[in-house]
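Here's the letter readout for the chains.
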Amino acid sequence: MAAAPSPSVPTCGDLPAAVSAFADAFVDFAVSGIFFPTSSSSSSSASPAPASPPPSPTTFLPSPSRLVAIGDLHGDLPKSLSAFRLAGLVPASSGSDSPSASTSWAAGPTLAVQLGDILDRGGDELRLLYLLRRLALSAEARGGALRPILGNHEVMNVAGDFRFATPQGFQEFSEWAGWYRAGLAIKRRCGEHLDPQPRNPFLGVPKSFPGVKPEFWDGMRSRLAALRPDGPIARRFLADLPTVLVVGDSVFVHGGLLEANVEYGLERINAEVSEWIRGEGGDNGRAPEYVRGRDAVVWLRRFSDGFDCDCQRLEGVLGMIPGAKRMVMGHTIQTVGINAVCGAQAVRVDVGLSRGCGNGLPEVLEINGGGAEVRVITTPPSEAWMYRKQEAEKAVLKEKRGEVKDGLALLVRESHVLKEVEAKA
C-alpha cells in the first residue's frame with residue numbers, strides 16, 4: 001500500500017500581496033508600535049522599490065494660514081513629543097510618550113517644518129522616523145502638513161558616517177534588523193508568487209568592523225544596511241525629504257544657503273540628493289558636493305553661529321529667491337533659545353532639544369498672516385522652573401558620584417562647543 005503523500009508546505013497561493021502587506025505591518029508595529037494605513041505607500045517597510053521612479057521632493061509651497069518650525073530632534077522621542085505638543089501638533093500629554101499615543105494630528109491646516117537632524121545622539125532614531133511619517137499622513141488627512149527636511153546627520157548616516165551614533169542607537173537598529181529579517185522570511189514563504197521578489201539589504205554588508213568594539217558590530221551592520229543609499233530605511237523615510245524648502249516668504253534649510261546654491265537650483269539640489277539616497281548612483285555613490293563640506297547647505301554656519309553675521313551677504317542670497325524674506329535654520333545650537341539677526345532675515349531655531357546634545361527646553365517658531373506675524377512659543381514658566389530644578393539636582397548628583405558621560409556619540413566633537421541651553425521663563 002502506497003504511503004499517503006505528505007501535505008505540502010503552504011506557499012500563499014493567490015494571496016502573496018496580502019501576506020506581503022501583513023509582513024510589512026508586522027515589522028512596522030514590532031519596531032515602532034505604530035500601524036500605517038494599508039493604502040499608504042509608506043506602509044511598504046520591506047517592499048522593493050516601485051517600478052516607476054518617485055517624484056522629486058517638493059521645493060516650493062504657498063503660505064499656509066499657520067506655519068511652525070521645530071529644530072533638531074537628535075533621537076530623543078520624549079523631548080520631540082514635548083515640542084510637538086508645545087506647537088499644538090499633537091494632543092496634550094495623556095501620560096504616555098509612546099508613538100501610538102501621539103500619531104493623531106491636532107493642528108488642523110497648520111504646516112509644520114522640522115529642520116532636520118532627526119538621527120544621531122540618541123536612542124529613538126527609528127521611532128522618531130516612524131512617528132514623523134505617521135504623523136505626516138495624519139496631518140494630510142486633516143488638511144495640514146508635516147514636512148521634515150534633511151540635516152547633515154541624515155547625510156552623514158546615508159554616507160556611512162556613524163561617528164555620532166550612540167550605543168542605544170546601534171541597539172535600536174539591531175532590533176530593527178531582527179524584525180526586518182523576520183518580515184523577509186514571511187514573504188519568502190510566497191516563493192515565486194511574490195513579484196517582484198523582496199531584496200535582502202544585508203547582502204554585501206560587512207560583518208566585522210576593525211577598530212570598533214565587537215559588541216557594536218551587529219548594530220553597525222544593521223545601521224549600514226538600513227541607511228546606505230537604497231537601504232530600506234533611507235529609501236522609505238529620507239529619500240523624499242527636501243534639502244531646501246521654501247514656504248511662502250520663508251526659506252527653510254538646515255545649515256544655510258549661499259549664492260552658488262541658488263544659482264545651481266534649489267529644485268535641482270533636492271532632486272539630486274533624493275536620487276543619491278534612492279541609490280541611483282549605486283550603493284557606494286558619493287553624496288552630491290553641495291551637501292558635503294563646510295559651506296554645504298546642511299553644514300553652513302555663516303548665518304547661524306553668533307550674532308555678528310554677514311547680513312549683507314544674506315540679504316543678497318534671499319534676494320535671489322523671489323519673495324523670500326527670511327532664512328530659517330537649524331544645525332547650530334542657540335544657547336539663548338530661538339532668535340533672529342540681520343533684521344529678522346536669519347532665524348535660528350535649534351535649541352539643543354535632545355538630551356544627547358544640550359537637553360534644552362522646547363521652543364517653536366510660529367509664522368502667521370502669510371509671514372506678517374512671527375513669534376516664538378516657549379515652554380510655560382511653571383514647567384521651565386520644574387525642569388531647571390530637576391536638571392540642577394541631577395547635575396549635583398552626577399558630580400558627587402563622579403559620573404562621566406559615555407557613548408560613541410561623545411568620542412567625536414563637532415566644530416563648535418556644545419553648551420547647556422538656558423531656559424527662558
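Above this text sits the structure in question.
Thresholds, definitions, all that
Residues numbered from 1 in each chain as written. Predicted model: local features only at pLDDT ≥ 70, side-chain atom pairs only at ≥ 80, totals over all residues. Heavy atoms only, no water. Helix = DSSP H or I, 4+ residues; strand = E, 2+ residues; numbered from the N terminus. Buried < 20%, exposed > 50% of the residue type's maximum accessible area, 1.4 Å probe, protein only. Axes fitted to C-alpha atoms, helices over the stretch in contact; angles between N-to-C directions. Contact = heavy atoms within 4.5 Å. Pairing = 2+ DSSP bridges. Phe/Tyr/Trp six-rings, centres within 6.5 Å; stacked < 30°, edge-to-face > 60°. Lys NZ or Arg CZ within 6 Å of the ring centre and 35° of its normal.

> I'd like a description of unusual backbone geometry, backed by residues and values.
Here alanine 344, not a glycine, exhibits a phi torsion of approximately 65°, which is positive. As for its position among the elements, alanine 344 is in the loop between strand E8 (339-341) and strand E9 (346-348). Unlike most non-glycine residues, asparagine 359 shows phi in positive territory, near 55°. Mapping asparagine 359 onto the fold places it in the loop between E9 and strand E10 (363-368). Given the relative accessible area of 10%, asparagine 359 is considered buried.

> Just give me the short version of the packing of helix H3 (residues 125-141) against helix H5 (residues 167-188), but keep the residues and values in it.
If you want to describe how two helices pack, look at the angle between their axes and the distance between the axes. Running from amino to carboxyl end, H3 crosses H5 at an angle of 65°, the nearest separation of the two axes being 8 Å. Note on element contacts: H5 touches H3 through Gly169, Glu172, Phe173 and Trp176, opposite Glu125, Leu126 and Arg127.

> So what's going on with the sheet that holds strand E11 (residues 373-378)? Which residues, and what values?
Taken together, five strands build an open sheet; the order of strands is E4-E3-E2-E10-E11 and the sheet is mixed. Each edge of the open sheet is held by one strand with a lone partner, namely strand E4 (145-148) and E11. On average, adjacent strands in this sheet sit at an angle of 20° to one another, irrespective of strand direction. With six bridges connecting them, E10 and E11 associate as antiparallel partners. Across the sheet, residue isoleucine 367 finds its bridge partner in E11, namely valine 374. Along the sheet, helix H2 (residues 77-86) contacts strand E2 (66-70), E10 and E11; its crossing angle with E10, the most-contacted strand, is approximately 30°.

> Kindly report on the packing of aromatic side chains, identifying the contributing residues and their values.
Per the counting criterion, the structure on display carries eleven aromatic pairs. Judged by centre distance (6.5 Å) and plane angle (75°), the ring pair of phenylalanine 162 and phenylalanine 170 falls under edge-to-face. Summarising the burial analysis for this pair, phenylalanine 162 and phenylalanine 170 share the class buried. One aromatic cluster is present, built from ring pairs that chain together Phe22, Phe26 and Trp179. The ring of phenylalanine 162 is capped by arginine 223, whose NZ or CZ atom sits 5.4 Å from the centre of that ring. Residue placement shows arginine 236 over the ring face of phenylalanine 36; its charged tip is 4.8 Å from the ring centre.

Without other data, these values stay purely geometric and don't point to any function.
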